[in-house]
Amino acid sequence: MNIYEVIRNRRSVRAYLEKPVSEEALERILEAARLAPSGSNRQARKFVVVTSGETREKIARAAKQDFLAGAPVIIAGVGTTPDRTMSCGIQGDPVDVAIAMDHISLAAVEEGLGTCWIGAFPQEAIREILHIPGTSRIIELMALGYPADTPRQKVRKSREEIVCRERFS
Ligand SMILES: Cc1cc2nc3c(=O)[nH]c(=O)nc-3n(C[C@H](O)[C@H](O)[C@H](O)COP(=O)(O)O)c2cc1C
């Protein structure tokens, strides 16, 4: 698959086979996250990889998203410098963590795996479950596993609606 095929094939998967993800595939995917760029190469991010069924169930319950319990892996993307703001006035951690999480979602496609970004979760409850210190912030969770559903048509705005040239319009 070339990169454009990977991008076209990535989609949110909310039903997973019980089949576990091999340690080799997981390592390749996490290496894709490690290689992601970050502002000033700070790499102020950590990835908590959860495979324990008990912990996945706790996360699913806390996030009120039942399908998470059935994902063989959940990865929490954590920013370790939550107060850092870039000179453009935008927080750095969410950008740096999201880029790495996107690498994960694309590498997963190459491995025949599916993912789902999870932004709807209670910060404090998940922090407690995963023992994440108060000095860090969970930016996103991501479910990972072999898809057990059928792809649907992608719904996207047209390019004309989102791209303008030379000035905002
Ligand atoms: C930042 C972010 C947060 C998201 N949070 C959730 C979520 O909490 N639960 C969920 O089921 N899907 C979540 N999604 C998935 C989106 O609904 C999905 O990406 C979007 O509908 C486009 O569909 P596609 O991923 O299949 O292309 C999230 C996606 C992003 C990028």
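The notes below deal with the structure included here. (Residues numbered from 1 in each chain as written. Predicted model: local features only at pLDDT ≥ 70, side-chain atom pairs only at ≥ 80, totals over all residues. Heavy atoms only, no water.)

Focus on the site of the ligand
The environment of the ligand is made up of 14 residues, and the closest members are Ser-12, Arg-14, Gln-65, Gly-119 and Arg-156. Gln-65 is positioned with one of its side-chain polar atoms (N or O) 2.8 Å from a nitrogen atom of the ligand. Note that a nitrogen atom of the ligand is positioned 3.2 Å from one of the backbone N or O atoms of Trp-117. Isolated, the ligand exposes 620 Å² of accessible area, and the fraction of that covered by the protein chains is 62%. Considering each element in turn, the shell around the ligand owes the most residues, three residues, to strand β3 (residues 114-118). (Near = heavy atom within 4 Å. Polar contact = N/O pair within 3.5 Å; in protein donor to acceptor, adjacent residues only side chain to side chain. Areas by Shrake-Rupley, 256 points an atom, 1.4 Å probe, with all protein chains shown as cover. Helix = DSSP H or I, 4+ residues; strand = E, 2+ residues; numbered from the N terminus.)

Notes on the environment of Leu-144
Here Leu-144 shows up in strand β4 (residues 137-145). Residue class for Leu-144 comes out buried when judged on its relative accessible area of 0%. Along the primary structure Leu-144 and Glu-124 are separated by 20 residues, whereas in three dimensions their C-alpha atoms are 22 Å apart. (Buried < 20%, exposed > 50% of the residue type's maximum accessible area, 1.4 Å probe, protein only.)

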